[in-house]
There are 2 protein chains.
Amino acid sequence: MRLAPLLSALALAGCAQAPIQLQDMGSFHVGGREVTITGKPIKEVLFSPGGVPAKVDPNGVYQVEQMYVQYFIPQNRRGALPLLTWHGGGLSGVTYETTPDGREGWVNYFVKRGWSVYNSDAVERGRSGWAQYPDIFPGEPLFLTKENPFERFRIGAGAGSYNKDVAKMRPLPGNQFPLEGYDNFTRQVVPRWTTTDAPTIAAYTELVDKVCPCVLLVHSQAGLFGVKVAQARPDKVKALVLVEPAATGDIKDAPRLKNTPVVAIYGDYIEQDSRWPAIRGNGVKFLDAVRQAGGNADLIDLPKIGIRGNSHMMMMDRNNLAVADVIQQWLEGRNLYR
Amino acid sequence: MRLAPLLSALALAGCAQAPIQLQDMGSFHVGGREVTITGKPIKEVLFSPGGVPAKVDPNGVYQVEQMYVQYFIPQNRRGALPLLTWHGGGLSGVTYETTPDGREGWVNYFVKRGWSVYNSDAVERGRSGWAQYPDIFPGEPLFLTKENPFERFRIGAGAGSYNKDVAKMRPLPGNQFPLEGYDNFTRQVVPRWTTTDAPTIAAYTELVDKVCPCVLLVHSQAGLFGVKVAQARPDKVKALVLVEPAATGDIKDAPRLKNTPVVAIYGDYIEQDSRWPAIRGNGVKFLDAVRQAGGNADLIDLPKIGIRGNSHMMMMDRNNLAVADVIQQWLEGRNLYR
């Protein structure tokens, strides 16, 4: 029987060569609805120069408001439930992939730790596609300038802190966002509407109905989506990780999460920002309301546990894996890891 | 020494449990440029209901025309070079992922066979984001109705063949497109411009400069992009697989590919379509011109090698892996597999 440890070690050594071992990976779309457009003239379209023209009738039925989801199922599953990662406003699932300076992001982190990860692009973002406006979407899309996230996401020290030249950027002191990757980060920014919350929540709800019970890990704008979907499906969302939620819904609905463990995580520099004290304040009130209803709601201010310098984009910061460790430990503490 | 085969078998058995073994996976953006917008009024934007309003100045510098690329590097690399997969018009890299009816697509196929796969979303599609128009992009985006691809991609038997009810669809006889997945396929369709070829080719060229030497596998609209980029970088594109190219550029430029092995692959029902005989005819002339310049150009009509029923979306058809096998064999024949 002395052979057994040797065989086991050899088998492991053979496998250990592949850092990411997947049982499966793939993608799908969920949700959406059909909308009929009428009364428009037929167009003749040359799709490719040198191609053959085609008549395109813009009247007809369109598929809109669907949502894209990409999944990675590890071979050695240790997360008790699937982990769904929902990105913030003006971004896509790319948020959780490789960081803008080329390091591993949270998708890889959690897949390597044995979580089945479902990473989505919200409705009208990224691979979910978007619908014609004003015919179908109300309002106009919003585009962000290169400097906007630098100043608004607590990377730079307020207005005017952005500069195209990395050496001339004025970051908040000790900021962990990889400045040399900021230009790449702006390549991840996608147009967004502010009028599409209802179809977005509908699509996320359909996703939860399809793949849960699960854990939701949501960032910024998706804070609202995560809270609302967890409230609509309290039996299916077994834990909710709010990474700097931009909003958490009507406070009177907070008690609906009394059976769903919740944690909200905030980075550094909150107090010195013009908007973040109020945003965090709303989150704290929400957690209090969950707790008062008998629920389990934790608040983690990263600086208070010795993790300093985090921007709003903490999944991309230089210490992004230390922040992921905090989430991993919280999930382990909820008995969601085996 | 009798132990060695046993140990080897055990090590393999341990590893064989993970069908997809990756050394790495991740994503990045390439390319694009900066554009300055001036003279617009400042907006007050409430990003999330219940959030905190922010002033958004739409004047400033925008990052536009970048391109998203996702990569999967297998542990056991057998493809001699990276394989870059470029999708067709009105679609995104999702084209090559899971089929709309839930089977494995070509990304998984080629990764499992040991190819490093770089799957991209063209400029202004999917996770590449898009730019405001008419300020930055010329012209308007084009949206496809649910019936348009059914009729144009040789799934249905011409005009009026689409029906929302699968039982009432009128597919071309023997068609291999999974009709029960057609509704999901329409969820993959994204808006597109017809005026963005130049920035798209620029971004693809930057991708080739970053990750090649390589093999390009391109579909439909990307036929033109693949040909033009291979002509611009003949030293870096070592083989070009054209899957039903919509166009192949100016015939006088074809000889520039004399040192790049090329294959064009066409599915079924070409002759009975109103546009496909001309589209295929252009491709055949292109291959002839490459050959006349001393190049290596192959034409594969799938029905002529006994593979029948393929639509324009052959990477999703029921026999999609048989078509992938044809590509794999062609690449092996070019000494691009070890």
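Going along each chain's sequence as written, the residues are numbered from 1 onward. Naming scheme: in the order in which they are written, chains are lettered from A and ligands are numbered from 1. Since the coordinates come from a predicted model, pLDDT governs what is reported: local features require at least 70, and pairs of side-chain atoms require 80 or more to be given and counted, while whole-chain, interface and lining totals use all residues. Side-chain numbers come from the whole structure's heavy atoms, not from hydrogens or water.

Looking at the overall build of chain A
Here is step 1 of the chain: The number of helices and strands found in chain A is 8 helices and 10 strands.
Here is step 2 of the chain: The globule rule puts the C-alpha radius of gyration for 338 residues at 20 Å, and the 22 Å found for chain A is close to it.
Here is step 3 of the chain: Dimensions along the principal axes, computed over C-alpha positions, put chain A at roughly 75 × 55 × 50 Å.
Here is step 4 of the chain: The burial tally for chain A puts 63% of its 338 residues in the buried class.
Here is step 5 of the chain: Between two residues, a contact is recorded if the distance between any of their heavy atoms is within 4.5 Å. Taking all contacts inside chain A whose residues are at least 6 apart in sequence as the whole, residues at least 24 apart take part in 73%.
Here is step 6 of the chain: Reported accessibility uses the Shrake-Rupley method at a 1.4 Å probe radius. Residues are deemed covered only where the shown protein chains occlude them. Total accessible area on chain A is roughly 12,300 Å²; 52% of this is exposed by carbon and sulfur atoms. Numbered from the N terminus, helices here are DSSP runs of H or I no shorter than four residues, and strands are runs of E no shorter than two. Radius of gyration: C-alpha atoms only; globule rule: 2.2 Å multiplied by the number of residues to the exponent 0.38. To sort residues, take the accessible area from a 1.4 Å probe on protein chains only and compare it with the maximum for the residue type: under 20% means buried, over 50% means exposed, and anything in between is partly exposed.

With respect to the relation of the copies chain A and chain B
Here is step 1 of the chain: When the copies are superposed, the least-squares fit takes in the C-alpha atoms of residues with a pLDDT of at least 70 in both. Structural alignment of chain A on chain B gives an RMSD of 0.0 Å, achieved by rotating through 180° and translating 0.0 Å along the axis. Here the symmetry operator amounts to a two-fold rotation axis.

Re the interface of chain A and chain B
Here is step 1 of the chain: Counting residues at the interface gives 95 residues for chain A, matched by 95 residues for chain B.
Here is step 2 of the chain: Buried area is calculated as the accessible area (1.4 Å probe) missing from two parts once they are joined, with the contributions of both summed. When the two sides are added together, the surface that chain A and chain B hide from each other amounts to roughly 7,400 Å², 57% of it contributed by carbon and sulfur.
Here is step 3 of the chain: For this document, the term salt bridge refers to a Lys or Arg side-chain nitrogen within 4 Å of an Asp or Glu carboxyl oxygen. Along the contact surface separating chain A from chain B lie 8 salt bridges.
Here is step 4 of the chain: Between Glu97 of chain A and Arg127 of chain B there is a salt bridge, and its shortest N-O distance comes to 2.8 Å.
Here is step 5 of the chain: Two N or O atoms form a polar contact when they lie within 3.5 Å of each other; inside protein one atom must be a possible hydrogen donor and the other a possible acceptor, and for residues adjacent in sequence the pair counts only when both atoms belong to side chains. Across the contact surface, chain A and chain B share 38 residue pairs in polar contact (both at pLDDT 80 or more).
Here is step 6 of the chain: When residues in the side of chain A that touches chain B are grouped by element, the largest group, 12 residues, is from strand β1 (residues 20–37) of chain A.
Here is step 7 of the chain: Criterion used throughout: strands pair if DSSP finds at least two bridges between them. Bridge count for β1 of chain A against strand β1 (residues 20–37) of chain B is 3 bridges, and the pairing is antiparallel.

Considering the pattern of salt bridges
If the charged atoms of two oppositely charged side chains come close together, the side chains can form a pair.
Here is step 1 of the chain: Evaluated as defined, the whole model comprises 46 salt bridges over all chains.
Here is step 2 of the chain: The closest approach of N and O atoms between Asp253 of chain B and Lys252 of chain B, which form a salt bridge, is 3.4 Å.
Here is step 3 of the chain: Connected through salt bridges with shared partners, the residues Glu34 of chain A together with Lys146, Lys164, Asp183 and Arg187 of chain B form a single ionic network.

Quick word on the nonpolar core
Here is step 1 of the chain: The term nonpolar core refers to a set of buried residues drawn from Ala, Val, Leu, Ile, Met, Phe, Trp, Tyr and Cys, joined through side-chain atoms within 4.5 Å. In this structure, Trp106, Phe110 and Val241 of chain A together with Trp106, Phe110 and Val241 of chain B are the most contacted members of the largest nonpolar core, which totals 96 residues.
Here is step 2 of the chain: In this structure Trp106 of chain A touches Tyr96, Leu217, Val243, Met314, Met315, Asn320, Leu321, Val323, Ala324 and Ile327 of chain A, once residues within four positions along its chain are discounted.

Overview of the side chain of Ser220 of chain B
Here is step 1 of the chain: Here Ser220 of chain B shows up in the loop between β7 (214–219) and α6 (221–232).
Here is step 2 of the chain: Among all residues touching Ser220 of chain B, those that are not within four sequence positions of it are Gly88, Val243, Glu244, Pro245, Ala246, Ala247 and His312 of chain B.

Thoughts on the state of the cysteines
All names here are of chain A.
Here is step 1 of the chain: In this description, the term disulfide denotes a pair of cysteine sulfurs within 2.5 Å. Across all of its chains, the model carries 2 disulfides over all chains by this definition.
Here is step 2 of the chain: A sulfur-sulfur distance of 2.2 Å marks the disulfide that ties Cys212 to Cys214. For the disulfide bridge between Cys212 and Cys214, the dihedral angle about the S-S bond is near 75°, and by the sign convention the bridge is right-handed.
Here is step 3 of the chain: The exposure class assigned to Cys212 is buried, which follows from its relative accessible area of 11%.

Description of the packing of aromatic side chains
Here is step 1 of the chain: Put simply, two rings from Phe, Tyr or Trp (the six-membered ring, in Trp's case) pair if the centres are within 6.5 Å, and we call them stacked under 30 degrees between planes, edge-to-face over 60, tilted for the rest. The full count for this structure, using the stated rule, is 45 aromatic pairs over all chains.
Here is step 2 of the chain: Consider the rings of Phe137 of chain A and Trp193 of chain A, whose centres lie 4.8 Å apart with planes at 70°: the pair is edge-to-face. With Phe137 of chain A in the loop between β6 (117–121) and α3 (147–152) and Trp193 of chain A in the loop between α4 (182–187) and α5 (197–211), the pair connects residues that are 56 residues apart, well separated along the chain.
Here is step 3 of the chain: Taken together, the ring pairs in this structure connect Trp130, Tyr133, Phe137, Phe143 and Trp193 of chain A together with Trp130, Tyr133, Phe137, Phe143 and Trp193 of chain B into an aromatic cluster.
Here is step 4 of the chain: Of note, Arg113 of chain A hangs over the ring of Tyr109 of chain A, and the distance from its end group to the ring centre comes to 3.8 Å.
Here is step 5 of the chain: Any Lys NZ or Arg CZ found within 6 Å of a ring centre and within 35 degrees of that ring's normal is scored as a charge over the ring. When the ring centre of Phe28 of chain A is taken as origin, the NZ or CZ atom of Lys210 of chain A, which lies over that ring, is 4.7 Å away.

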